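A look at the structure
Below, each chain spelled out in residue letters.
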Amino acid sequence: MDLARALAFSHFASQALAAAPDLAGVVDAAAAAPFDWNAPGTRPDTSGDAAELGRSLRRLRRRVFLHTLVRDLTGRASLAEVCATHTMLADVALAAATSFHARELDAVHGAPIGAESGTPQELIVVGMGKLGGGELNVSSDIDLVFVYPEEGETSGPRTIANREYFDRLGRRVITALHDVTADGYVFRVDMRLRPYGESGPLTTSFAGLENYLVTQGRAWERYAWLKARAITGARHDELAALVTPFVFRKYLDFDAYEGLRDIHRQIRDQGARRDYAGNVKLGDGGIREIEFIAQALQIVRGGRDADLRVRGTLPALAALGARGLLPPLSVSALTDAYVFLRSVEHRLQYRDDRQTHQLPQDAAEHALLAEAMDATPDAFDQALARHRGVVSVTFGQTLGDAGRATDRTDAMYATLWDGPDAVASLREALLAAGYADPDALAASLARVRASGRYLQLPAASRDRFDALVPQLLAVAAAHPGLAGAQPVFERLLALLETIARRSAYLALVIEHPPLLPRLANLMGASAWAADYLTRHPLLLDELLDARTLFAEPDWNAWRSELLRQLAQRPDDAEHQMDVLRHFQHAQAFRLLVQDLTGQLTVERLADHLSALADVVLEGTLAACWTHMTGGTEPPPRFAIVGYGKLGGKELGYASDLDLVFLFDVDPDDPAADAREARYTRLGQRLNTWLTSTTAAGQLYDTDLRLRPDGAKGLLVSSLSGFRRYQRGQAWAWEHQALTRARFVAGDREVGAAFEAEREAILRMERDPRALATEVVAMRRRMHAGHPNPSASFDLKHDPGGMVDIEFAVQYLVLAHAHRHALLTRNAGNIALLRFAGELRLVPADLAGTVADAYREYRRLQHQVRLTLATHARVDPAPQAARRAAVAALWAHVFGGAWQDARERELPAAGGKPGEIG
């Protein structure tokens, strides 16, 4: 549209220009750029009386409306500009009216003084809804809540209570904006979102608001306060601290879905009576459904992810897309639909400056609307239908009535849960479904129904529990896995009992029926996985999105994500400790699922778990140092060295971390002792953060005994002290341990110095015979600690097992690295065996056979541990050839020392896995 056509489109614009012809030139001159709030005449005149202020505000509003209309309809303004301009108008008008009338009241009553602080108080006008979100439409009313910090009284000669003062001020502000005069109005004001609604006081103190939200706040009010924005006054941070815990729960809050559905049902029921089919806001696929999609996901997850606590629908959609909570195509489609529908809404309102969302029925009006959207009537209708269709489908996928699977669940399972005594009549059917012991199954159900945990559940939670049990019975029968239907169900039931007291977890399962088969498959694949999930039910959320669940692990992305989460509340140590635990558990769980579905080899899994530990250690170290120093000092000259499975990148799900802490100080520095003491405190704090059990669980067990002088030594060691100890006091087994050590986190220069010292120590020339004697002697001592009274083969500790291979490799490194630097690489036992074969230190074919044996042992060990078995023991017969190959390797590597050991009935089993292996 051109300028003339744009102005002619709006009846209101025509009337306004007829009343004030000079406006046409002003608008025409300014329309080339967004509204300039610094230009002359763009601020309300507060120098006169209330009547003059009212006229000034109304004239400003008319000018803004015409300016926005022209820019929008001529294609010069984006939706963001239109919304921002009208939001700014509201902010300016509210600030002007509030300050003007506060001065008027102060002149009579004095300023309101807080009874607690003794300081002047100000009215805080809180913008709700679209005003709060910065997305006000062109003919919108404004939803407001008036709050003030403290009770008290005014300081002037005619003293009144603060409540009365602010009530008077609030009424004057409403009148200044809402009343219709010869100049029109500024904004229609809606105060129904205040505590207790229309029946409540006009203004509320912080204490009153907090009490209301805690004791009376309803689900829909959480959505109302989601976009709340303080516009006037001060102490906004205190207000946010009151409101945020009400809107966002500490953990994932899937209960919020049902509350939003209730609101939507009411709207749709109302729409059925009023015919909302042509309503672009409240009808199917309308603006409100886009807002509901964004708000629901924000409230469900915003408690854990502060980056989702954004105001405004488009920023919320972008944040949800960035976090992977909405698919990119959905974000793009919803964004396009929102821009289209809001543009339609604005054109409907430009016509008569009326808050309407109803599409015209008149053909001529319909054609004008299509022209204003730069389309033919048919093209407009097609675009409108396409956008609304996408929104409706996405809304159904996100917030449609889920959890109604009980209607489709086999009635047999519902009958069994309602009355476990019915098992007699259902026995044959249960056996056919895969339940091997129906009587035991019925006994389990009866136990649960009679348990205090079940009987004490709130009614809503018990209804959800009752709905889920039959579904779990059905899904276990459909997905029995290797364990069988009954064990799978028992594991699912244990999980259900664990989460029963957290209604949000029950809601999560109810809301996502596709989650149940994934749960059953997981429970059927591994008892350890079932136990892990039951101990950390928050991880249920990880099963919802297959895209992230099965995505290739990205170590750099892990690092960035953890740092982002830690940065959200940098001063809250408790929160950061929980963040570290949630992060580690979530990533480990994703790896577990990929492992159980065959996507990862044991070696690749161990690489990822080791990298995850590196990332967590790096994040923990940085957080601990920040809390110690207040974030004002450079990073510490401090390094974390990983030994054992962490050092060798062979970490398992439940492995502890063998750690040594090193620091570097200049011994001539007068503050050297103080720095050492500080690094000692850092090491202590770091270990506490890693090992403490919080509400989120535990991070890692640690073993610090590999430091110089072991458990009796200092918790942290200087580089120079570490060097002296390793070269002058360390035992051979400590050098064995060093073969699997690496720098994992901290200062890279200190880490590089450690790596250089490690290589130098490993390359020291040693007496092969004496070394062999010491290594074999240590193997013998380890045997005593791990006897195996069973007839099974212990994959790790028995002769011919993993420890034998590891000791042989460690000997080869220590005995030959002085001639072959390749052996100092921390490449893992399999690669080191290959190097040894290539260097002809052992027969290449034997090295390859033993490497294959080690790989198979690790696979079997991992497989057994996933069953929750205490020891990794298997049938010895299939392992006979592998054990023989390992024995041959020992005979070749240790020669006479090995024969002497055999004569003394060595090696058998045992040891401290944290020390060497």
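Small disclaimer: the values here were computed from a predicted structure and weren't measured.

**Examining the side chain of Asn788**
- Secondary-structure assignment places Asn788 in the loop between helix H35 (768-785) and strand E13 (793-794).
- There is a polar contact of 2.7 Å between the side chain of Asn788 and the side chain of Ser790.
- Those residues within four positions of Asn788 in sequence are excluded, and the remaining contacts are Phe793, Asp794, Asp798 and Arg873.

**Some points on the nonpolar core**
- Phe489, Leu519, Leu533, Phe638 and Ile640 are the most contacted members of the largest nonpolar core, which has 104 residues in total.
- Among the elements that take part in this core, helix H29 (residues 602-629) stands out by supplying 12 residues, more than any other.
- If near-sequence neighbours (up to four positions away) are discounted, Phe489 is found in contact with Tyr435, Leu441, Leu445, Val469, Leu472, Leu473 and Ala476.

**Some remarks on the environment of Ala623**
- Note that Ala623 resides in helix H29.
- Taking C-alpha positions, Ala623 is 9.1 Å from Met577, a pair spaced 46 residues apart along the chain.

**Considering the packing of helix H4 (residues 50-73) against helix H5 (residues 79-109)**
- Packing of H4 against H5 leaves a shortest axis separation of 10 Å and a crossing angle of 175°. The orientation of H4 with respect to H5, classified from their angle, is roughly antiparallel. Residue-level contacts link Ala50, Leu53, Leu57, Leu60, Arg61, Val64, Phe65, Thr68, Arg71 and Asp72 of H4 to Glu81, Val82, Thr85, His86, Leu89, Val92, Ala93, Ala96, Ala97, Phe100 and His101 of H5.
- Of the residues contributing to the contact of H4 with H5, the split by class is 13 nonpolar, 4 polar and 4 charged.

**Considering the confidence of the model for the protein**
- Overall, the prediction assigns the protein a mean pLDDT of 90, with 94% of residues at 70 or greater.
- The secondary-structure element of the protein with the lowest mean pLDDT is helix H11 (residues 255-274), recorded at 66, while strand E2 (residues 124-127) shows the highest, at 98.
- A low-confidence stretch, residues 403-409 (pLDDT under 50), is modelled with 10 contacts involving residues beyond four sequence positions or located in other chains.
- The low-confidence segment residues 901-917 (pLDDT under 50) makes 54 contacts with residues lying over four places distant or belonging to another chain.

**A look at the side chain of Asp305**
- Within the secondary structure, Asp305 is located in the loop between helix H12 (287-301) and helix H13 (313-322).
- Of note is the side chain of Asp305, whose polar atom sits 3.1 Å from the side chain of Arg564.
- There is a polar contact of 3.0 Å between the side chain of Asp305 and the side chain of Gln568.

**Re empty space enclosed by the protein**
- Applying the stated criterion across every chain, the model contains 4 cavities of 30 Å³ or more.
- Approximately 60 Å³ is the volume attributed to the largest cavity.
- Lining the largest cavity, in full, are Leu468, Leu472, Leu492, Leu495, Leu496, Ile499, Val509, Leu516 and Leu519.
- At the level of elements, helix H21 (459-478), helix H22 (485-499) and helix H24 (515-525) are the ones that each hand at least two residues to the lining of the largest cavity.
- No other element matches H22, which puts 4 residues into the lining of the largest cavity.

**So, the packing of aromatic side chains**
- A full pass over the atoms with the stated rule returns 22 aromatic pairs.
- Relative to Tyr435, the ring of Tyr413 lies with its centre 6.3 Å away and its plane at 65°, an arrangement referred to as edge-to-face. Of this pair, Tyr413 sits in helix H17 (residues 411-418) while Tyr435 sits in the loop between helix H18 (423-432) and helix H19 (438-450), and the two are 22 residues apart along the sequence.
- According to the relative accessible area criterion, Tyr435 is buried, its value standing at 0%.
- Geometrically, the ring pair formed by Trp528 and Tyr653 is stacked, given 5.2 Å between the ring centres and 25° between the ring planes.

**Quick notes on the pairing of E2**
- By the alternation rule, side chains of E2 split into Ile124 and Val126 and Val125 and Gly127, which are all buried.
- Strand direction decides the pairing type here: E2 and strand E3 (residues 142-148), joined by 4 bridges, are antiparallel. When the bridges of E3 are listed, Val126 appears paired with Val145.
- Bridging between E2 and strand E7 (residues 229-230) involves 2 bridges; their strand directions are antiparallel. Bridge pairing links Gly127 to Arg229 in E7.

**Examining the pattern of salt bridges**
- Following the criterion strictly, the structure yields 48 salt bridges and no others.
- For Glu345, the salt bridge goes to Arg342, with nearest N and O atoms at 2.6 Å. Here Glu345 and its partner Arg342 are both found in helix H14 (residues 328-352), 3 residues apart, which amounts to about one turn of the helix.
- Members of the salt-bridge network, linked through shared partners, are Asp305, Asp307, Arg323, Glu561 and Arg564.

**With respect to the pairing of strand E8 (residues 638-643)**
- Where burial is concerned, most of E8 is hidden: 6 out of the 6 residues are buried.
- Of the two faces of E8, the one lined by Phe638, Ile640 and Gly642 and the one lined by Ala639, Val641 and Tyr643 are each fully buried.
- As paired strands, E8 and strand E9 (residues 657-663) are joined by 6 bridges and run antiparallel to one another. Considered in E9, the bridge of Ile640 is made with Phe661.

Rules behind the numbers
Each chain has its residues counted from 1, running along the sequence as written. In keeping with the predicted nature of the model, local features appear solely for residues at pLDDT of at least 70, side-chain atom pairs appear and are counted solely at 80 or more, and the whole-chain, interface and lining totals rest on all residues. The side-chain figures draw on all heavy atoms in the structure; neither hydrogens nor water molecules are used. What counts as a helix is a DSSP run of H or I of at least four residues, what counts as a strand is a run of E of at least two, and both are numbered from the N terminus. Two N or O atoms count as a polar contact when they lie within 3.5 Å, although within protein this holds only if one can serve as hydrogen donor and the other as acceptor, and sequence-adjacent residues are included solely when both atoms are side-chain atoms. A contact between two residues is defined here by any heavy atoms of the two lying within 4.5 Å. What is meant by a nonpolar core is a set of buried Ala, Val, Leu, Ile, Met, Phe, Trp, Tyr and Cys residues, joined one to another through side-chain atoms within 4.5 Å. Burial classes: relative accessible area under 20% of the type maximum marks a residue as buried, over 50% as exposed, and values in between as partly exposed (1.4 Å probe, protein chains only). Geometry is summarised by axes, namely lines fitted to C-alpha atoms with helices restricted to the contacting stretch, and by angles between N-to-C directions that run from 0 to 180 degrees. Angles are sorted into four bins: roughly parallel if under 35 degrees, roughly antiparallel if over 145, roughly perpendicular if 65 to 115, and oblique for all others. By the convention adopted, Pro, Cys, Tyr, Trp, Phe, Met, Ile, Leu, Val and Ala count as nonpolar, Lys, Arg, Asp and Glu as charged, and the other residues, Gly among them, as polar. Per-residue confidence from the predictor is reported as pLDDT, which spans 0 to 100. The definitions used throughout rest on a 1 Å grid laid over the protein atoms alone, on which a cavity is an enclosed set of points accommodating a 1.4 Å probe that cannot get out and a pocket is an open set flanked by protein within 12 Å on both sides along at least five of seven lines; lining residues are those having an atom within 4 Å of a point. Grid points are joined across faces, edges and corners, and a volume is the space filled by probe spheres set on the points. A pair of Phe, Tyr and Trp rings is counted when the ring centres sit within 6.5 Å of each other, with Trp represented by its six-membered ring. The angle between the planes then sorts it: under 30 degrees is stacked, over 60 is edge-to-face, the rest tilted. For two strands to be treated as a pair, DSSP must find no fewer than two bridges joining them. A pairing counts as a salt bridge when a side-chain nitrogen of Lys or Arg comes within 4 Å of a carboxyl oxygen of Asp or Glu.

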